[in-house]
Number of protein chains: 4
Amino acid sequence: MTLWGGRFTQAPDAVAWDLNASIKIDQRLALEDVQCSQAWARAITATGVLTIEECETIRVGLERIAYEFTQKKFVFQKSDEDIHTAVERRLGELIGPLAGKLHTGRSRNDQVATDFRVWLMKAVPALSGQITVLQTTLVQLAEKHIHTLMPGYTHLQRAQPITLAHWFLSFFWPLQRDRERLADAAKRIAVMPLGCGALAGTTLAVDRVRLAADLGFTQASPNSLDSVSDRDFAAEFLFTAAMCAVHLSKLAETVVLFSSAEFGYFELSDAYSTGSSLMPQKKNPDVFELARGKTGTLIGSLTGLLTTLKGLPSAYDKDLQEDKEPVITAYDTLMVLLPVLAGALETMNIHNDRMAAAIDDGMMTTDLSDYLVARGVPFRQAHAILGHAIRLAAEKKVSLRLLPLEDWQTLGPFDADLYAFFDPQHSVAMRRCLGGTAPEAVQLQLKEAIALLPE
Amino acid sequence: MTLWGGRFTQAPDAVAWDLNASIKIDQRLALEDVQCSQAWARAITATGVLTIEECETIRVGLERIAYEFTQKKFVFQKSDEDIHTAVERRLGELIGPLAGKLHTGRSRNDQVATDFRVWLMKAVPALSGQITVLQTTLVQLAEKHIHTLMPGYTHLQRAQPITLAHWFLSFFWPLQRDRERLADAAKRIAVMPLGCGALAGTTLAVDRVRLAADLGFTQASPNSLDSVSDRDFAAEFLFTAAMCAVHLSKLAETVVLFSSAEFGYFELSDAYSTGSSLMPQKKNPDVFELARGKTGTLIGSLTGLLTTLKGLPSAYDKDLQEDKEPVITAYDTLMVLLPVLAGALETMNIHNDRMAAAIDDGMMTTDLSDYLVARGVPFRQAHAILGHAIRLAAEKKVSLRLLPLEDWQTLGPFDADLYAFFDPQHSVAMRRCLGGTAPEAVQLQLKEAIALLPE
Amino acid sequence: MTLWGGRFTQAPDAVAWDLNASIKIDQRLALEDVQCSQAWARAITATGVLTIEECETIRVGLERIAYEFTQKKFVFQKSDEDIHTAVERRLGELIGPLAGKLHTGRSRNDQVATDFRVWLMKAVPALSGQITVLQTTLVQLAEKHIHTLMPGYTHLQRAQPITLAHWFLSFFWPLQRDRERLADAAKRIAVMPLGCGALAGTTLAVDRVRLAADLGFTQASPNSLDSVSDRDFAAEFLFTAAMCAVHLSKLAETVVLFSSAEFGYFELSDAYSTGSSLMPQKKNPDVFELARGKTGTLIGSLTGLLTTLKGLPSAYDKDLQEDKEPVITAYDTLMVLLPVLAGALETMNIHNDRMAAAIDDGMMTTDLSDYLVARGVPFRQAHAILGHAIRLAAEKKVSLRLLPLEDWQTLGPFDADLYAFFDPQHSVAMRRCLGGTAPEAVQLQLKEAIALLPE
Amino acid sequence: MTLWGGRFTQAPDAVAWDLNASIKIDQRLALEDVQCSQAWARAITATGVLTIEECETIRVGLERIAYEFTQKKFVFQKSDEDIHTAVERRLGELIGPLAGKLHTGRSRNDQVATDFRVWLMKAVPALSGQITVLQTTLVQLAEKHIHTLMPGYTHLQRAQPITLAHWFLSFFWPLQRDRERLADAAKRIAVMPLGCGALAGTTLAVDRVRLAADLGFTQASPNSLDSVSDRDFAAEFLFTAAMCAVHLSKLAETVVLFSSAEFGYFELSDAYSTGSSLMPQKKNPDVFELARGKTGTLIGSLTGLLTTLKGLPSAYDKDLQEDKEPVITAYDTLMVLLPVLAGALETMNIHNDRMAAAIDDGMMTTDLSDYLVARGVPFRQAHAILGHAIRLAAEKKVSLRLLPLEDWQTLGPFDADLYAFFDPQHSVAMRRCLGGTAPEAVQLQLKEAIALLPE
């Protein structure tokens, strides 16, 4: 059964049919299709197209179909072009010709856009919830490591000592922005296309505002032509997903680094590592590598959908059928990645000693510049003086803190108190400004972070 | 002069220097760099690093530099690695060694991120303003064409009659979403990195909340490591720009189509067309083609930045230097495209007669289905009946409205009143549901649209 | 069973396991995995690791597994992490502990790269074959339409008359370039990784040159580190696929246009169209729209893989597991699109009359410029003269050929023979230069095209 | 001056003009435009359009223009829409109305495509040359380090010892593939569009085969419609450039890693490092980070062009104007990156001791598996035995080589000779298979590599 065969004299070509059919992916929208059809039945009952009894018969039939889907008992047929056709076909089997009335005044164009948005209205909070799982893990780890010191890096060069709590929280905030972006995207998802018909609006006197509320939308779309072709919401979701993946990729990159023998800061648990089929000694951070690798795929999905949307000429073009696969795949990917990364972080061993040992004297030179600045040396000159100190220490092959005071004094207005600056605790403690790495500042940061998590 | 040469014994390689230098693009941030430096001077004066007199001297020097930039009198030197170096070098020339104090407690890492955000805090409303220019044009055209009829298309096949006003407004709403996305992005742009230093936070007791307010930010960033590496705001801006370009590309595609001889609905004015160097009769819709073509470029820029961000390991990596060129280019592109498209739409001729003539009888068959539905035929059966009517008319080689009543009656419960349905005015008038194409509904839509424009 | 559990004390986390497992996609490589394992068994038999009898036992066991795959009787188990594990596990069930010897001297790193390349060595000629199917259709259509005239367009404006054969062939050559690119890619696919081990090369004295020949490769890879991480061939295949899709998208765009009521040049057969669930009169060119839409997806897949590859640090990183899905999907997509488009083109009706009627006088002005040039007028001046003639005709509201000779003569050195130039047959006949649209030139072009097709 | 104003009654809108003008980027094709115009003059002289004297006058005029370009004395005017217009305008100033004859029989559509291809025919070998510069550096470094040992990594975990020469050469081969791809792309670049006119072919009896040879093309394009719109060559060049950048990004990523304090294998020279404006001790590998970052931009450029090309409807659409900027920028980027990276590699210090010290006992377990296999243990069992040995050593907190023989013997058929396997020299020496890391195999590999370099 197709929903459109009336004027056609020839059957569709078999391969073209397969190309055309979207059922493989849009069956993910099965329950949403049922839900929207039930709401539509109610809406057109109010206009007199269905009697209350007919509406009830349809409702019960659709309920049965939903049950078949949730029980995985629904049997698709080769002729089911898409989920809408499948549901309508099955409804006909269950309740007879009355099923044919359900499509009155609507089109698959407004129907599919509505189903998809309803699906996303559930997906967005679910994804946001998985993001908070990872955020919670980061917060818990930060709470444990407010005083743990480690080297901070820029350009992957040791730069300044930081606290591990600060490092964990540096991945909390990007995820918080992801949640904010999801919330913003949700506003634009919650606009209902149903009632736009194929392109020009339905001729039925449907109360679209009420229908929208019935389905959980905040608004009915203001322009039918735009509404049946608008896939901004899908692209925006994909952008948000890709951005979130980029954040995970940065976390992943660093954990992979920190789990190397050379860094040795982290050691993943067996449950979240994999071995080598050839090399018995290996313990590989596969889940983090996959998070990084899948980021490429998600960026590609965003690119793909935007490219598909470029230059489409009509209210609805079949090109739009390419919209669901990338969105659903991106969702599935993140829904798995987020809890796995949280689990891997939670269960890994952290080698505080290795991190502490990696903090070297050179990382305190900014502080010594500040020391000079406090003694009236302009910053640029102070910076140069420390540069010379480093060269001197290198020539003498000693660590900076072993350079004798007389050497320091040939370079600038130093006193014996300079040596106190080589204590990394001192270094981090000085960065107590809002957003800084000092334990004192991190405590405040943590409080702010926790307040953003759901209870 | 570099800001970092102290410990280096060798001069930079010349080609490597060119590669490294970002001055070609970041000079676009010159005024923002001055603005942020002035605010920083005030902030560190409050901590005692500068005296009030020193702060004033710096302010005046920076004012002079701003003047040189706006007057295009600022002379860059080969050694100016980036805009921050250029400004600091020039400040030194103007006010002497005191200039060296300005960099106390900050780093180019927090500085460039702050400059860039300040630039975007100006760019976003400017771009939003240009979007309203095009929206206003669309509204004005819609106001003139509430009763103008044209064919509506899906799959580029004639589908149902619509009003031209509805068509123009179908491009208003996507632009409105673009403005909303820009407004949402603006919230995340308005978070200040200054005071984060290179990565770990400044050691000065700077009041970052006050500094943020001074620069027009709504918030100081909560985590220094995240803050110096966060380029979400740039990616989000690029996504919004690419999405906006996709909208323009769809408008462009349709205008190109409608300006073809075959459609003949629109005729561009000479001022917004170009000719052919070979074919004297040609009048080409170049500006619309460029809008469509540049959409590809903008999607590529978004892809590029996200790809650059993927998997970066440290708080700050030099890879981030690739962030400004795509953002500034995307902004420049849209700032030109939007008013040009508005101008081209405003000045084009619209051939109402061609559009009216293109509405054929087949486009009213949905309405005739509704007619049957009103007479108790289930929708699916009604759809099939009309399919047969079309085949019958095709076999008889007549237009549907010329099919005699007896033919209709062999197919379904038709009466003579069916012929009234071939009036396209009747067709559009029936779609008076919220968001529909009926003049009555479009009046309401217009009112809603106008309310969203700034006065 | 994992192939690596020895040193691990904890079972893998269930969700992490799912994330990690690649079996859903890499089971597509099942037969290639068997084929490569058989070749490996032969190769290590030559080194003495296996006896000839053991080799034969393994061969027979693998043959049985291949049979199970082709008969779809192979039963995967939850613990089958990837296709290599599944095959090795099953081999153990069939032949006992001897199966454990097969993995001697190889790693999944070289194994998967080899399987994938073997798969592509079959996929490339198969895809090339489907391209020739579409090319053949284009050639056949061109043969029928050497003298059929139609308007040629630039900027979607009517430009000059062309022959329909020339138009069909304009899609032949891009496909020919696609086949050339595939052939070039094939050279780089045919380099064998097997024997590279995990990264450093196998310790067995395997004759890799002979092994390569055994598997149909032209070469054994020269550097093991590069070889286990090299996915250039996958990216190059994806680029070629995306480029091919871009070509299909241009064909699709034009067919969609030409199938519109406004152009009316083509009419798709029922077998390759779809109807509307709402509008009984619609006949939609869905397959062409899908070709255009899926182009976005393929461009996204290419982007995705390149992004995944960016910045990978080691010889083998798990990120590489993202390589197969986009390649296999791109292949599947094109293998369906190409024959469907060929079928749709073959079966469509072509309305020669509509095309002929769309050729207007303005399209011959370039020829009239040439006429003036032949009479000594510099080209630029001739171009301007014709521009004025067009304006004059527009003012007089007549077609150019109805402009009286005296009018022409006020503009330039025209004689009565100018009117012959309004015959489009004359216009195309003049373009007999190599590559031109004249039937004479197209005959030669066709001959060249046919020579490139396999017999 | 525009080349097309004749029929237009209104001047172009100023902003639209700027949008439309391509002169900023296509002036890079100035010399190619002159070169192609000279060839065209010769070609149409042969058809009698120009006299030999006229041809000579034009030649001299164009020569003068070329001189002005190379001397940077050419003065562009606001009205120069593109490089073709600029050259033709200037030629008119130099030689009078005769300049107007030069455009006879050609169009900017075939002209720009030809100029661009001529430009690329020079760019490709130049780029290939820069690739060989980096390849040569890699070969030279490999020659010095055939016996230098380092850890080889997979998943960034230490895997097996390798030679540094092998590591350097692992970046040689990807670049070799890039050069091969460039050579393949060159074949498709060398197809001449000139003589295709605007779309349908020129009416002049130009000998296109001879003209092609005159300009260094191997072939004249076979179909004019395809030829004026074909930008495959630009996309293919961009793909090749992006792929090359991906290779550089992987090299860059590893050098950044190896230059970290934690790895400490490499130390960049001052000439190729940059310092921090805040932290005097820093020495940042900026050039490598830029190589990695710019890879994102290049991938974005490829995406952008492919997206622009998707779905274009006509022989020539103005969207194609977006083709030059990404290609020229990609070229410029690589032409700087390649020699800079070569210089940075050449001048860096290599710490052999740090690399040797990083080879730990665990990396030899694969060899010990082989040891067991040689003693008849099936590989999978051997792998498991070594896994247990590792756990045992970890429990005893000793390195593997310090595990007493009796412990080994509880696990499998070990003898005292097992201890010889902990010598990394022994490990690499065993991988002497083609493509393996053994010095012996690397010598052969080097020879093969050197043979591929130009003398």
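Residues numbered from 1 in each chain as written. Chains lettered and ligands numbered in written order. Predicted model: local features only at pLDDT ≥ 70, side-chain atom pairs only at ≥ 80, totals over all residues. Heavy atoms only, no water.

With that settled, the discussion passes to the overall build of chain A. Helix and strand content of chain A: 19 helices and six strands. Relative to the compact-globule value of 23 Å for 455 residues, chain A shows a C-alpha radius of gyration of 30 Å, a clear excess of over 25%. For chain A, the spread of C-alpha atoms along the three principal axes comes to 100 × 55 × 40 Å. For chain A, restricting intrachain contacts to residue pairs at least 6 apart in sequence, the fraction spanning at least 24 positions comes to 74%. A gap of 1 Å separates the mean positions of the 44 positive and 54 negative side-chain charges of chain A. (Helix = DSSP H or I, 4+ residues; strand = E, 2+ residues; numbered from the N terminus. Rg over C-alpha atoms; globule rule 2.2 N^0.38 Å. Contact = heavy atoms within 4.5 Å. Lys, Arg positive; Asp, Glu negative; His and termini not counted. Charge placed at Lys NZ, Arg CZ, Asp CG, Glu CD.)

Here we come to helix α5 (residues 83-95) of chain B. End to end, α5 of chain B covers 18 Å across 13 residues, agreeing with the expected 18 Å (1.5 Å per residue, within 8%). Among the residues of α5 of chain B, Ile-83, His-84, Thr-85, Ala-86, Val-87, Glu-88, Arg-89, Arg-90, Leu-91 and Ile-95 of chain B are the ones counted as buried. Buried residues along α5 of chain B sit in contact with α16 (379-396) of chain A together with α2 (23-26), α3 (30-46), α4 (52-70) and α6 (108-144) of chain B. Positive backbone phi, approximately 80 degrees, marks Gly-96 of chain B, located one or two places after α5 of chain B. (Expected span 1.5 Å × (residues − 1). Buried < 20%, exposed > 50% of the residue type's maximum accessible area, 1.4 Å probe, protein only.)

For the pair chain C and chain D, the superposition axis carries a translation of 0.0 Å, the fit reaches an RMSD of 0.0 Å, and the rotation angle comes to 180 degrees. Read as a symmetry element, the transformation amounts to a two-fold axis. Interface overlap between copies: 100% of the residues of chain C at the interface are likewise at the interface in chain D, consistent with a symmetric, same-surface contact. (Least-squares fit on C-alpha atoms with pLDDT ≥ 70 in both.)

Once the domains are mapped, chain A shows domain 1 (14-104), domain 2 (109-205 + 216-354) and domain 3 (361-452). Using C-alpha coordinates to define each centre, domain 1 of chain A is positioned 70 Å away from domain 3 of chain A. (Domains from an automatic or database assignment.)

Okay, the packing of aromatic side chains next. Summed over all chains, the structure comprises 92 aromatic pairs over all chains. Judged by centre distance (5.1 Å) and plane angle (75 degrees), the ring pair of Trp-119 of chain A and Tyr-331 of chain A falls under edge-to-face. One end of the pair, Trp-119 of chain A, is in helix α6 (residues 108-144); the other, Tyr-331 of chain A, is in helix α13 (residues 324-347), with 212 residues separating them in the sequence. Residue class for Trp-119 of chain A comes out buried when judged on its relative accessible area of 7%. Centroid distance Phe-168 of chain B to Phe-266 of chain B: 6.4 Å. Interplanar angle 5 degrees. Geometry classified as stacked. One end of the pair, Phe-168 of chain B, is in helix α7 (residues 164-189); the other, Phe-266 of chain B, is in strand β5 (residues 266-267), and 98 residues separate them in sequence. No difference in accessibility class separates Phe-168 of chain B from Phe-266 of chain B, as the two residues are buried. (Phe/Tyr/Trp six-rings, centres within 6.5 Å; stacked < 30°, edge-to-face > 60°.)

In this section: the relation of the copies chain C and chain A. Once chain C is rotated about the relating axis by 180 degrees and shifted along it by 0.0 Å, it coincides with chain A to within an RMSD of 0.0 Å. Same-surface contact between copies: 100% of interface residues of chain C are shared with the interface of chain A.

A few words on the interface of chain C and chain D. On the side of chain D, 106 residues touch chain C, which itself brings 106 residues to the contact. For the pair chain C and chain D, the interface holds 18 salt bridges. Where Arg-177 of chain D meets Asp-230 of chain C, a salt bridge forms, and the shortest distance between an N and an O atom there is 3.3 Å. Taken together, the links from chain C to chain D amount to 51 residue pairs in polar contact (both at pLDDT 80 or more). (Salt bridge = Lys/Arg side-chain N within 4 Å of Asp/Glu carboxyl O. Polar contact = N/O pair within 3.5 Å; in protein donor to acceptor, adjacent residues only side chain to side chain.)

Of the pockets and cavities examined, the largest cavity occupies roughly 370 Å³. Taken together, 34 residues line the largest cavity, and the ones lying closest to its centre are Ser-170, Phe-171 and Lys-250 of chain A together with Ser-229 and Ser-314 of chain B. At the level of secondary structure, the elements contributing two or more residues to the lining of the largest cavity comprise α6, β1 (149-154), α8 (172-189) and α11 (232-258) of chain A together with α9 (224-229) of chain B. Here the lining of the largest cavity takes nine residues from α11 of chain A, the largest share from any one element. (1 Å grid on protein atoms, 1.4 Å probe; cavity = no way out; pocket = protein on both sides within 12 Å on 5 of 7 lines; lining within 4 Å. Points joined across faces, edges and corners; volume = space filled by probe spheres on them.)

Axis angle and axis distance: for two packed helices, these are the angle between their axes and the distance between the axes, and together they describe the pair. Residues and elements named next belong to chain D. The N-to-C vectors of helix α10 (residues 232-258) and helix α11 (residues 286-309) enclose an angle of 155 degrees; their axes lie 8 Å apart at closest approach. Accordingly, the angle class assigned to the pair α10 and α11 is roughly antiparallel. Of the two elements, α10 crosses α11, and the hand of that crossing is left-handed. Here the contact of α10 with α11 is composed, by residue class, of 18 nonpolar, three polar and three charged. (Axes fitted to C-alpha atoms, helices over the stretch in contact; angles between N-to-C directions. Parallel < 35°, antiparallel > 145°, perpendicular 65-115°, else oblique. Left-handed = near helix turned anticlockwise from the far one by under 90°. Nonpolar A, V, L, I, M, F, W, Y, C, P; charged D, E, K, R; others polar.)

The next thing to look at is the nonpolar core. Across soluble globular proteins, nonpolar side chains show a tendency to be buried alongside one another. Of all hydrophobic cores here, the largest spans 499 residues; its most connected members are Trp-167 of chain A, Trp-167 of chain B, Trp-167 of chain C together with Trp-167 of chain D. With residues near it in sequence (within four places) discarded, Trp-167 of chain B still touches Leu-225 of chain A together with Met-150, Ile-162, Leu-251, Thr-254, Val-255, Phe-258 and Phe-266 of chain B. (Core = buried A, V, L, I, M, F, W, Y, C linked by side-chain atoms within 4.5 Å.)

Residue and element names in this part refer to chain C. For the coordinates displayed, the defined rule picks out 172 salt bridges over all chains. With a shortest N-O distance of 3.2 Å, Arg-108 and Glu-81 are connected by a salt bridge. Note that Arg-108 is positioned in helix α6 (residues 108-144) and Glu-81 in the loop between α4 (52-70) and α5 (83-95), a separation of 27 residues in sequence. By the burial criterion, Arg-108 is buried, and Glu-81 matches it.

To continue, consider the state of the cysteines. Considering all chains together, one arrives at zero disulfides over all chains under this definition. Here Cys-433 of chain D is not cross-linked by a disulfide; its sulfur's nearest cysteine counterpart is in Cys-196 of chain C, at 8.1 Å. With relative accessibility at 8%, the residue Cys-433 of chain D sits in the buried group. (Disulfide = S-S within 2.5 Å.)

It is worth spelling out the interface of chain C and chain A at this point. With 61 residues of chain C at the contact, the number on the chain A side is 61 residues. Across the interface of chain C and chain A, roughly 5200 Å² is buried in total on both sides, 60% from carbon and sulfur atoms. On the chain C side of the contact with chain A, Leu-19, Asp-270 and Ser-277 of chain C bury the most area, a combined 13% of that side's loss. Summed over the shared surface of chain C and chain A, the number is six salt bridges. At the junction of chain C with chain A, the criterion picks out 18 residue pairs in polar contact (both at pLDDT 80 or more). Counting residues per element, the side of chain C that touches chain A draws most heavily on helix α12 (residues 286-309) of chain C, which supplies 15 residues. Among the residues making up the side of chain C that touches chain A, the classes are represented as 23 nonpolar, 22 polar and 16 charged. (Buried area = accessible area lost by both parts, 1.4 Å probe.)

On to the pairing of strand β1 (residues 149-154) of chain D. All names here are of chain D. Of all six residues in β1, six are buried, a share of seventy percent or more. Relative to strand β2 (residues 157-163), β1 is paired through six bridges, and the arrangement is antiparallel. Looking at β2, one finds that Met-150 is bridged to Ile-162. (Pairing = 2+ DSSP bridges.)

Relative to the assigned elements, Asp-367 of chain C resides in helix α15 (residues 365-374). A distance of 2.9 Å separates the side chain of Asp-367 of chain C from the side chain of Arg-431 of chain C, its partner in a polar contact. Filtering out sequence-adjacent residues up to four positions away, Asp-367 of chain C remains in contact with Phe-421, Ser-427, Met-430 and Arg-431 of chain C together with Thr-203 of chain D.

Moving on, we get to the environment of Ile-328 of chain C. All names here are of chain C. Residue position: Ile-328 is located in helix α13 (residues 324-347). Relative accessible area serves as the criterion here: at 1%, Ile-328 is assigned to the buried category. Put simply, Ile-328 and Ala-252 are 76 residues apart on the chain and 23 Å apart in space, counted from C-alpha to C-alpha. Not counting chain neighbours up to four residues away, the residues in contact with Ile-328 comprise Ile-25, Arg-28 and Trp-119.

Quick look at the side chain of Ser-224 of chain B now. With respect to the helices, strands and loops of the structure, Ser-224 of chain B is situated in helix α9. Not counting residues up to four positions away in its chain, the partners in contact with Ser-224 of chain B are His-166, Gly-435 and Gly-436 of chain A together with Cys-196, Leu-199, Ala-200 and Gly-201 of chain B.

All names here are of chain C. An ideal rise of 1.5 Å per residue puts 24 Å on 17 residues; helix α3 (residues 30-46) measures up with 25 Å between its terminal C-alpha atoms. Among the 17 residues in α3, 13 count as buried, and that is most of the element. Once α3 ends, the next one or two residues include Gly-48, with phi positive near 95 degrees.

Positioned with a positive phi, His-155 of chain B is a non-glycine residue whose angle comes to about 55 degrees. Counting through the fold element by element, His-155 of chain B comes out in the loop between β1 (149-154) and β2 (157-163). Its identity is not glycine, yet Leu-156 of chain D carries a phi of approximately 60 degrees, on the positive side. Take Leu-156 of chain D: it is sitting in the loop between β1 and β2.

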